Amino acid sequence: MRAMVYRGPYKIRVEEKDIPAIEHPNDAIVRVELAAICGSDLHLYHGMMPDTRVGTTFGHEFIGVVHEVGSSVESLKPGDRVMVPFNISCGSCYFCSRGLLSNCHNVNPNATAVGGIYGYSHTTGGYDGGQAEYVRVPFADVGPTVIPDWMDDEDAVLLTDAVATGYFGAQLGEIREGDTVAVFGAGPIGLVAAKTAWFMGAARVIVIDHLEYRLEKARSFAHAETVNFAELDDVVVHLKRTTDGLGADVAIDAVGAEADGSFLQHVTSAKLKLQGGSPVALNWAIDGVRKGGTVSVVGAYGPIFNAVKFGDALNKGLTLRMNQAPVKRQWPRLFEHIRNGHLKPSELVTHRIPLEHIAEGYHIFSAKLDGCIKPLVVPGAN
Amino acid sequence: MSERIPVYTSAAPPVPSAEELRARIPGWGVDLDPADRPSYPKERAEPTGAHWDLPEQQEETFPRERSVEHMRLTPVFGTVAPLHGLSGAIRRLAYERYSEARAAHWLLLIAGDRVDAAESHLRSLASGRPDNPVTETGVRAELSHDGVGSRRGSRVDVNHQWMDPVLVAGPWVLAGAAAVAGVRALLRRGR
């Protein structure tokens, strides 16, 4: 089969690989029809995630057709079209049995602090991902769901991570009616967090980024006020000024490890790998939220230490909430929001890239060329 | 929203009314009740599809490294890219010696990644398909997808993007220079 393969920082190519085999009775093998590149894939691509091995195939957002199932699989059969959450979950451990499907204890021998994720380094279990023609899907009775007939494929693939994570980020903010919500980052996750913050009763939603084309999307897709921090001396002061000096009630970090806005923070993390991510957006969230407010973190960070302004968080009495999104828990309600016309995830898609051209796709997404917001990967396309 | 003089009283800043928002924003308020939010409460037991108490153990076909914080090999694990070579030895040390709580664990893994990339690049030179920095970096998209025009405006990442080619090509330039210096030193010694 053809598969994207990591060759080292900033370098990937498409190679022939063996079609994955059933390795556990509850495995399925899925033929990928559509995949996506996630902003967090860029952390791998840039060499920031520890134990990212040459030869690994990335990709934790994908849908496809069941090709083969293991002997204990009960809920799926070959030919079923499925959407697969980015979390690999056993469904029965201490954490899964309490709904913490992103924190499974039975799928990642490499770390206890992280669950299992497709194509996301050995730090998340050493699984190949879905930017390929086929992928191994462990615990086929727990993760995948048959795609409803009414759902668009592009909506389905975005539900496997970006939309679920953005919606989860808004929920972590514990938004109450009348709240002002500041969302740092106008990528797909930030845009969905901003859009769904309204569902929870936000009275103002302010999206902060430095890419004007993404801020335009925040205005049109998420109906948000926008702030271009590149045009400001100090974005925290700006937030205070628009909230009577108090700060936002809720701040959401939808940026994570490669945040811009501080040259020193960015270079020491994204370039020199001296910290587990550039916490610029997180620090702005801590400083830009009001005292007693809530900071939600869904931006991805590596496991190494970060220069986070924790003293401000303490002194302001903040609530910090964070996790990788337990994707499958989000789906029933998100399906309703899509069917009711409140949300159309595919509006975020800007690029559809054949698998054979995926190296260009990563560069376009990484360098933010050509108005790129969400690139999809299409196996078998020319 | 226009700037106001902060009042510093108990009053909250003014915001639009619910009626106004409901009329303007599609779906405003549909998840007002926290009980309608899928992640509320944080811990909640629901059917997961699991029909086992403990999953069957996946066969360990090669010695699988694991965190010392795990009490056993997990029932299921990935089998991509088993440890090998010098990078494998570095990574094995990180897993066997240091817990996830220790900086040495992660810094050794990062070091292993760099060694892995160098080993793989060198191996590729002896293979039928050496690494190609032009095709593998996707840099040709600069020409096909408006590299210059995309960087116009106020975006701040252009202040560090110039480092990327240095990070990609730098180790190769240094390795090449070291190889040339080594060969010259050998030649001088041979005279």
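Procedures and definitions
Residues numbered from 1 in each chain as written. Chains lettered and ligands numbered in written order. Predicted model: local features only at pLDDT ≥ 70, side-chain atom pairs only at ≥ 80, totals over all residues. Contact = placed C-beta atoms within 7 Å. Helix = DSSP H or I, 4+ residues; strand = E, 2+ residues; numbered from the N terminus. Nonpolar A, V, L, I, M, F, W, Y, C, P; charged D, E, K, R; others polar. Domains from an automatic or database assignment. Pairing = 2+ DSSP bridges. Right-handed = clockwise from strand over helix to strand, strands pointing away. pLDDT = per-residue confidence, 0-100. Buried ≥ 20, exposed ≤ 12 C-beta atoms within 10 Å, placed from the backbone. Axes fitted to C-alpha atoms, helices over the stretch in contact; angles between N-to-C directions. Parallel < 35°, antiparallel > 145°, perpendicular 65-115°, else oblique. Core = buried A, V, L, I, M, F, W, Y, C linked by C-beta atoms within 7 Å.

Concerning the interface of chain B and chain A
Interface size is commonly expressed as the accessible area that is lost once the parts come together. On the side of chain A, 95 residues touch chain B, which itself brings 89 residues to the contact. Breaking the side of chain B that touches chain A down by element, the ones donating at least two residues are α1 (18-24), α3 (103-125), α4 (133-137), α6 (147-150), α7 (158-161) and α8 (163-190) of chain B. Take the side of chain B that touches chain A: its biggest share by element is 10 residues, from α3 of chain B. Residue composition of the side of chain B that touches chain A, grouped by class: 38 nonpolar, 26 polar and 25 charged.

Describing the domain arrangement of chain A
Residue and element names in this part refer to chain A. Along its sequence, chain A is organised into domain 1 (2-161 + 326-378) and domain 2 (166-322). A separation of 25 Å is found between the C-alpha centroids of domain 1 and domain 2. Across the boundary between the two partners, domain 1 contributes 21 residues, which contact 20 residues of domain 2. Looking at side-chain class alone, the side of domain 1 that touches domain 2 contains 9 nonpolar, 9 polar and 3 charged residues.

Observations concerning the pairing of strand β15 (residues 319-322) of chain A
Residues and elements named next belong to chain A. Sheet analysis places strand β14 (residues 289-297) next to β15, joined by 4 bridges and oriented parallel. Each residue of the ladder has a partner; that of threonine 294, found in β15, is threonine 319. Handedness of the crossover is the feature at issue here: the chain leaves β14, passes through helix α9 (residues 310-315), returns alongside β15, and the resulting connection is right-handed.

Side note on the confidence of the model for chain B
Residues of chain B with pLDDT of at least 70 account for 96%, and the chain-wide mean is 93. For this predicted complex, the interface score ipTM comes out at 0.96, while the overall pTM is 0.96.

Here's the deal with the pairing of strand β1 (residues 2-8) of chain A
All names here are of chain A. With 6 of 7 residues buried, β1 lies mostly within the body of the structure. Two strands pair when backbone bridges link them, and β1 and strand β2 (residues 11-16) are joined in this way by 6 bridges, in the antiparallel orientation. Looking across to β2, one finds that methionine 4 is bridged to valine 14.

Section: unusual backbone geometry
Cis geometry marks the peptide bond from tyrosine 40 of chain B to proline 41 of chain B, where omega comes out at -10°. Mapped onto the secondary structure, proline 41 of chain B falls in the loop between α1 and α2 (85-97). Backbone geometry at glutamate 174 of chain A places phi at a positive 50°, although glycine is not the residue there. With respect to the helices and strands, the residue glutamate 174 of chain A is situated in the loop between α3 (162-172) and β10 (180-184).

A short note on the sheet that holds strand β13 (residues 248-253) of chain A
Residues and elements named next belong to chain A. Within the open sheet, the 6 strands sit side by side as β12-β11-β10-β13-β14-β15. Their pairing is parallel. The open sheet is flanked by β12 (225-228) and β15, the only strands paired with a single partner. The sheet shows a mean angle of 20° between the axes of neighbouring strands, taken without regard to direction. For β10 and β13, the ladder comprises 4 bridges, and the chain directions are parallel.

Things to note about the environment of aspartate 153 of chain A
Residue and element names in this part refer to chain A. On the secondary structure map, aspartate 153 appears in helix α2 (residues 153-159). Take aspartate 153: there are 16 C-beta atoms within 10 Å of it, and that puts it in the partly exposed class. Linking aspartate 153 and leucine 34, residues 119 residues apart in sequence, is a C-alpha distance of 7.7 Å. Among all residues touching aspartate 153, those that are not within four sequence positions of it are Glu33, Leu34 and Ile63.

Overview of the packing of α2 of chain B against α3 of chain B
Relative placement of two packed helices is described by the angle separating their axes and the distance separating the axes. Residues and elements named next belong to chain B. Close contact between α2 and α3 brings their axes to 8 Å; oriented N to C, the two are set at 170°. Relative to α3, the element α2 lies roughly antiparallel. The segment α2 lies against α3, with Gly85, Leu86, Ser87, Ile90, Arg91, Leu93 and Ala94 engaging His105, Leu108, Leu109, Ala111, Gly112, Val115, Asp116 and Glu119.

Considerations on helix α8 (residues 280-288) of chain A
Residue and element names in this part refer to chain A. A large share of α8 lies buried, amounting to 8 of its 9 residues. Taken together, the buried positions of α8 are occupied by Val280, Ala281, Leu282, Asn283, Trp284, Ala285, Ile286 and Gly288. Looking at the packing, one finds that the buried side of α8 touches β10, α6 (235-241), β13, α7 (263-271), β14 and α9.

A closer look at the nonpolar core
Core analysis: the biggest nonpolar cluster contains 143 residues, and Val183, Phe184 and Val205 of chain A have the highest contact counts within it. Two domains share this core, each providing at least three of its residues, namely domain 1 (2-161 + 326-378) and domain 2 (166-322) of chain A. Those residues in contact with phenylalanine 184 of chain A that sit more than four places away from it in its chain are Gly190, Ile208, Ala251, Ile252, Asp253, Ala254, Val255, Ala281, Trp284 and Ala285 of chain A. Counting 7 residues, the second largest nonpolar core, distinct from the first, contains Ala94, Tyr95, Trp106 and Leu109 of chain B.

Remarks on α3 of chain A
Residue and element names in this part refer to chain A. Of all 11 residues in α3, 11 are buried, a share of seventy percent or more. Every buried residue of α3 is listed here: Ala162, Val163, Ala164, Thr165, Gly166, Tyr167, Phe168, Gly169, Ala170, Gln171 and Leu172. Among the residues trailing α3, glutamate 174 stands out with phi positive, at a value near 50°.

What to know about the environment of histidine 363 of chain A
Residue placement: histidine 363 of chain A occurs in helix α11 (residues 358-367). When the 24 C-beta atoms within 10 Å are taken as the criterion, histidine 363 of chain A is described as buried. Spatially, the C-alpha atom of histidine 363 of chain A lies 23 Å from that of leucine 274 of chain A, the residues being 89 residues apart in sequence. Ignoring any residue separated from it by four or fewer positions in sequence, one finds histidine 363 of chain A in contact with Thr137, Gly138, Val139 and Ala141 of chain B.

A look at the packing of α3 of chain A against helix α10 (residues 327-339) of chain A
Residues and elements named next belong to chain A. Interhelical geometry of α3 versus α10 gives an angle of 85° and a closest axis separation of 9 Å. Accordingly, the angle class assigned to the pair α3 and α10 is roughly perpendicular. Residues Val163, Ala164, Tyr167 and Phe168 of α3 pack against Val327, Gln330 and Leu334 of α10. Split by residue class, the contact of α3 with α10 holds 6 nonpolar, 1 polar and no charged.

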